[in-house]
Amino acid sequence: MIRRLGRIWRHRKTLLYCPEALWHLSVCKGLILFKSFTHLAEGLGVAQCETLKEALPTPLLIELQAIGRVMRYMPHFVPWPSKCLDTAMAAQRMLARRQLPSTLYLGVRRNSAHALLAHAWLRTGQHWVVGYQPAHSFHVVACYARYSA
Amino acid sequence: MPSEELSVLQRESRFSRNECVFAAEIDQELVMMDEASGYYFGLNPIAKHLWEILAEPHAYAELLTVLTTFYEVDSDQCRADIEPFLQVLLTHKLISCSA
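Just so you know, these numbers come straight off a predicted model, no measurement behind them.

What counts as what
Sequence order as written defines the numbering, with residues in each chain counted from 1. Written order decides the labels, with chains lettered from A and ligands numbered from 1. The predicted nature of this model means local features are confined to residues of pLDDT at least 70 and side-chain atom pairs, given and counted, to a pLDDT of 80 or more, with totals for whole chains, interfaces and linings taken over all residues. Side-chain calculation: all heavy atoms of the structure are included, whereas hydrogens and water are not. Strands here are runs of E lasting at least two residues and helices are runs of H or I lasting at least four, both read from the DSSP assignment and numbered beginning at the N terminus. Note on contacts: a residue pair is in contact if any heavy atoms of the two residues lie within 4.5 Å. Any two strands are treated as partners once DSSP identifies two or more bridges connecting them. Each axis is a line fitted through C-alpha atoms, taken for helices only over the stretch in contact, and angles between the N-to-C directions span 0 to 180 degrees. One side-chain nitrogen of Lys or Arg within 4 Å of one carboxyl oxygen of Asp or Glu is enough to make a salt bridge. A simple rule labels every residue: compare its accessible area, found with a 1.4 Å probe on the protein chains alone, to the largest value its type can have, and call it buried under 20%, exposed over 50%, or partly exposed in between.

Moving on: the environment of Leu85 of chain A. Residue and element names in this part refer to chain A. Among the secondary structure elements, Leu85 is positioned in helix 6 (residues 84-97). Along the backbone, Leu85 and Gly45 are 40 residues apart, and their C-alpha atoms lie at a distance of 14 Å. Residues in contact with Leu85, not counting those within four places in the same chain, are Ile32, Leu40, Leu104, Leu106 and Ala120.

The structure is reproduced here in structure tokens:
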């Protein structure tokens, strides 16, 4: 019980970010469903540019980790199928609100049946935020650098 | 459903590719993304070769000549193979044709 409370206390920032994450996930899902990709891409940032791969100071790193954590778990609690692109877009918006520059990558690979699979992932500085686990097997087709909200 | 064959007017046009900055090479293939639609296209090595030829504007007849010579196929077969591909590229504005 005490250990559980301790864990909740340590991850309190993650819990505090849940409503904001839910909001951004809803907005991004709506944008993907109802807007053309051209309009969507305008909000993703500067095309084919990357933000700097610099180390972040500790307070910002803590923010980043909390956002990454909330974006790993929040998609499991929303009533719609949430995929890599809306998660990456929502995380990018949360970071932009905190003036943290980030780069969203879109990549593809072939699976064993030779079908094309697409994936989206996000990086801030030297740190991967969301979608990074399968990212190493994907080839980057596009990247968008966003510097602020 | 758009016709898979090119129109007579298109067969007398020059084709050139529009700048597509969203592309990645995977093995022998080229994967491109059409930013307007968000669709991905996988180009096999032959399609990739045609895409590279279109870096410079070429007339349709020139394309047929180059491909029939390089791949040693007859022009009817070549035409049947490349016209649907050119039609898709035109639809997604990855190439343009001009007189």
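Okay, back to it.
Quick look at the sheet that holds strand 2 (residues 23-26) of chain B now. Residue and element names in this part refer to chain B. The strand order across the open sheet formed by three strands is 2-3-4, and the pairing between neighbours is antiparallel. Either end of the sheet is taken by a strand with one partner, and the two such strands are strand 2 and strand 4 (39-43). Here the strands of the sheet are splayed against their neighbours by 20° on average, with no regard to which way each runs. Direction of pairing for strand 2 relative to strand 3 (residues 29-34): antiparallel, over a ladder of four bridges. When the bridges of strand 3 are listed, Ala24 appears paired with Val31.

For the structure on display, the rule yields nine salt bridges over all chains. Residues Arg98 of chain A and Glu20 of chain A are paired through a salt bridge, measuring 2.6 Å at the closest nitrogen-oxygen approach. Of this pair, Arg98 of chain A sits in the loop between helix 6 and strand 2 (102-110) while Glu20 of chain A is found in helix 3 (residues 18-34), placing the two residues 78 residues apart along the sequence. We classify Arg98 of chain A as partly exposed; its relative accessible area is 21%. A relative accessible area of 15% means that Glu20 of chain A is categorised as buried. Here Glu29 of chain B and Arg110 of chain A are joined by a salt bridge, their closest N and O atoms 2.9 Å apart. Placement of the pair is Glu29 of chain B in strand 3 and Arg110 of chain A in strand 2, with the two residues belonging to separate chains. On the basis of relative accessible area, Glu29 of chain B is assigned to the buried category, the value being 11%. Ionic contacts of the salt-bridge type, sharing partners, join the residues Glu20, Glu63, Arg97 and Arg98 of chain A into one network.

Fair warning: the whole summary comes from geometry, so function is off the table for now.
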